[in-house]
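Notes for the structure review
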Amino acid sequence: MSIALASATLILPIGLVEWHHLLIDTIGDISYYFVWGGYSVRYNRFGFYNSSGFGPINYEASIALAIIWVTTTIVLITSNLAFSRQMLSIRTNFIIAFLCLLAQIVVPLAVFTMALSPNFAMTFAAPLPVPSILHIGCYLFSAFSRKGKAPALDQSQTLA
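Parameters at a glance
Residues numbered from 1 in each chain as written. Predicted model: local features only at pLDDT ≥ 70, side-chain atom pairs only at ≥ 80, totals over all residues. Heavy atoms only, no water. Helix = DSSP H or I, 4+ residues; strand = E, 2+ residues; numbered from the N terminus. Buried < 20%, exposed > 50% of the residue type's maximum accessible area, 1.4 Å probe, protein only. Contact = heavy atoms within 4.5 Å. Areas by Shrake-Rupley, 256 points an atom, 1.4 Å probe, with all protein chains shown as cover. pLDDT = per-residue confidence, 0-100. Pairing = 2+ DSSP bridges. Core = buried A, V, L, I, M, F, W, Y, C linked by side-chain atoms within 4.5 Å. Axes fitted to C-alpha atoms, helices over the stretch in contact; angles between N-to-C directions. Parallel < 35°, antiparallel > 145°, perpendicular 65-115°, else oblique. Nonpolar A, V, L, I, M, F, W, Y, C, P; charged D, E, K, R; others polar.

1. Describing the overall build of the protein chain
Each helix and strand counted, the protein chain has 4 helices and 5 strands in total. The N-to-C order of helical and strand elements in the protein chain reads α-β-β-β-β-α-α-β-α. Per-residue burial for the protein chain yields a buried fraction of 39% across its 160 residues. A fraction of 57% describes how many contacts in the protein chain between residues 6 or more apart in sequence connect residues 24 or more apart. When the accessible surface of the protein chain is split by element, carbon and sulfur atoms take 68% of a total near 9,200 Å².

2. Topic: the confidence of the model for the protein chain
Averaged over the protein chain, the pLDDT score is 85; the fraction of residues at 70 or greater is 87%. Within the protein chain, helix α4 (residues 130-145) has the poorest average pLDDT of any element, 83, and helix α3 (residues 90-114) the best, 92.

3. Describing the pairing of strand β2 (residues 28-33)
Sheet topology note: the strand β1 (residues 15-21)/β2 ladder contains 6 bridges and is antiparallel. Bridge pairing in β2 links His20 to Gly28. Linking β1 back to β2 in an antiparallel pair, the connection comprises 6 residues. Sheet topology places β2 next to strand β3 (residues 37-40); 3 bridges connect them, and they run antiparallel.

4. Some details on the nonpolar core
Judged by nonpolar contacts, the single largest core of 16 residues is most densely connected at Val17, Tyr33, Ile57, Val111 and Phe112. Among the elements of the structure, β1, α2 (59-84) and α3 are those that each provide at least two residues to this core. For this core, the element with the highest residue contribution is α2, accounting for 4 residues. Among all residues touching Val17, those that are not within four sequence positions of it are Asp29, Ile30, Ser31, Tyr33, Phe112, Met122, Phe124 and Ala125.

5. A word on the packing of α2 against α3
Closest axis-to-axis distance for the α2/α3 pair is 10 Å, and the angle between their directions is 170 degrees. The orientation of α2 with respect to α3, classified from their angle, is roughly antiparallel. Between α2 and α3, the residues in contact are Ala61, Leu65, Ile68, Trp69, Thr72, Thr73, Val75, Leu76, Ser79, Asn80 and Phe83 and Ile90, Asn93, Ile96, Ala97, Cys100, Gln104, Val107, Pro108, Val111 and Phe112, respectively. Of the residues contributing to the contact of α2 with α3, the split by class is 15 nonpolar, 6 polar and no charged.

6. Focus: the packing of helix α1 (residues 2-11) against α2
Viewed as axis vectors pointing N to C, α1 and α2 meet at an angle of 170 degrees, and their least axial separation amounts to 10 Å. Viewed along their axes, α1 and α2 adopt a mutual orientation that is roughly antiparallel. When α1 is examined against α2, the residues Ser2, Leu5, Ala6 and Thr9 are found in contact with a partner set consisting of Trp69, Val70, Thr73, Leu76, Ile77, Asn80 and Leu81. The residue inventory of the contact of α1 with α2, partitioned by class, reads 7 nonpolar, 4 polar and no charged.

Next up, the structure:
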């Protein structure tokens, strides 16, 4: 599952942003943001993050978003490995997974709304927290498909 999480982080988008220029109506685009760069739907091209930026999002904010996204995935992979070695409880693993999901929803929205260049406005933004959803989904599938039922909880793992 660690390979799937790492692949999803590098290949799938962080989120998509529809933006437009405030003064010129013909300037606007839908951009997909990845860890490594972005994709412009209107111009049908991929671009890497550089000092001129990709789209209207600030260069430094895009790099910070990519670093936070990768860090969140590293936390997911680490918690998955610790859980598989029985170093984490079910509850702790779920708390980590849901905190990572929350971070992968909130951080892109904050960056997309606060790091826009002047004279640009965001029409629509949607984070795509695929690594966290994949982690939660794979864990639930493996936990419930072992014996066809939920895993047994011992006294230290009771859900109170």
